[in-house]
Amino acid sequence: ITLVGKNLQNFEFSSEATVQNIQLSNNGSSLSCSDQIFGSNEKRISISISGISSSPGNVSFTAETTTHLTLYWSPPTENINCIVKYIVKINDQQMETTVTSLSVPNLTIGLVYNVTVYSQDSDNRNGSTSELLTVTWKVPLPVSALSWNISEIDGNTSIILIWEHEEDSSRPPIQHFFVSHNISEPWNTTTMNSSIILTGIKRENTYVINISAVNILGESLPQEIEAIINEVSTIMNQISSTTSTTITTTSTFVYSSLFQE
């Protein structure tokens, strides 16, 4: 400890103490004493040393409505006691909160929002910034890799459809897949799976089937299948993934798909 003192007017005396070799997050106290001919006095001062906080982690979001989401994150792991609030930057805007979540309104479908979070202490010192979270406020990507076969289940001739879907974690999650067709009522149906069986297939008919992915913001561009059924008399287990295919056995099927970005 180094003491530096100087005489002031009115016989006052002032001292400064410098404490060296401290560590971040140290705590302690200092006892200051003064003596003069009229007596003495002392004052104990509590000292707490802290550095800036580390970055918040696990920044994520939940879509609440078409214009509203909630952001979540975990608190920093270092120097958390000095935090008084969090600063959330969303593109060019800035919002504040004292908890580890934030409601964000007035979103626009079709835009991309870049989000970062950092803490701030009582001395207005900023902590480390979180990793960037990208929120793509859009409908899902289209389904892909459509395949199909014809089969007979419980005496009914059916089309079995199978597809894939790339999950984009920056977009609101998929709620279900929407399937529309002209095979039989009901003309529209939904499924949580990436496959579906449609019954009621009849010969000498043309069937058009559309499949799209749906999230809280709406429906993706549909993928379309057109199946021309010339004759149905046997069970078909052959699967085709080409753009246009004719299978010649006792039954003839024409398959086409329109892939849209």
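How each quantity is defined
- Residues numbered from 1 in each chain as written.
- Predicted model: local features only at pLDDT ≥ 70, side-chain atom pairs only at ≥ 80, totals over all residues.
- Heavy atoms only, no water.
- Helix = DSSP H or I, 4+ residues; strand = E, 2+ residues; numbered from the N terminus.
- Buried < 20%, exposed > 50% of the residue type's maximum accessible area, 1.4 Å probe, protein only.
- Contact = heavy atoms within 4.5 Å.
- Areas by Shrake-Rupley, 256 points an atom, 1.4 Å probe, with all protein chains shown as cover.
- Salt bridge = Lys/Arg side-chain N within 4 Å of Asp/Glu carboxyl O.
- Phe/Tyr/Trp six-rings, centres within 6.5 Å; stacked < 30°, edge-to-face > 60°.
- Pairing = 2+ DSSP bridges.
- Axes fitted to C-alpha atoms, helices over the stretch in contact; angles between N-to-C directions.

Draft legend 1. Molecular detail of the overall build of the protein chain. Within the protein chain, the secondary structure is distributed over zero helices and 21 strands. Looking at the protein chain as a whole, 34% of its 261 residues are labelled buried. Excluding contacts between residues fewer than 6 apart, the proportion of contacts in the protein chain whose partners are at least 24 apart in sequence is 54%. Counting only carbon and sulfur atoms, one obtains 47% of the accessible surface of the protein chain, whose full area is about 16000 Å².

Draft legend 2. Just the pattern of salt bridges, in detail. Evaluated as defined, the whole model comprises three salt bridges. The partner of Lys85 in a salt bridge is Glu96, and the shortest N-O contact between them spans 3.3 Å. Pair noted here: Lys85 is in strand β7 (residues 83–90) and Glu96 is in strand β8 (residues 93–97), with a separation of eleven residues, a long-range link. Residue classification places Glu96 among the partly exposed positions, given a relative accessible area of 46%. A salt bridge links Arg125 to Asp121; the shortest N-O distance between them is 2.6 Å.

Draft legend 3. Quick look at the packing of aromatic side chains. Counted according to the given criterion, the structure contains two aromatic pairs. Note on Trp73 and Tyr86: the rings are 5.6 Å apart at their centroids and 65° apart in plane angle, and the pair reads as edge-to-face. Placement of Trp73 in strand β6 (residues 68–74) and of Tyr86 in strand β7 is noted, with a sequence separation of 13 residues between them. Trp73 gets classed as buried once you look at its relative accessible area, which sits at 5%.

Draft legend 4. Geometry of the sheet that holds strand β11 (residues 133–136). Read across the open sheet, the four strands follow the order β8-β7-β10-β11; overall the sheet is antiparallel. Two strands lie at the open edges of the sheet, namely β8 and β11, each paired on one side alone. Each strand of the sheet is rotated relative to its neighbour by a mean of 25°, with strand direction disregarded. Across four bridges, the pairing between strand β10 (residues 112–121) and β11 is antiparallel.

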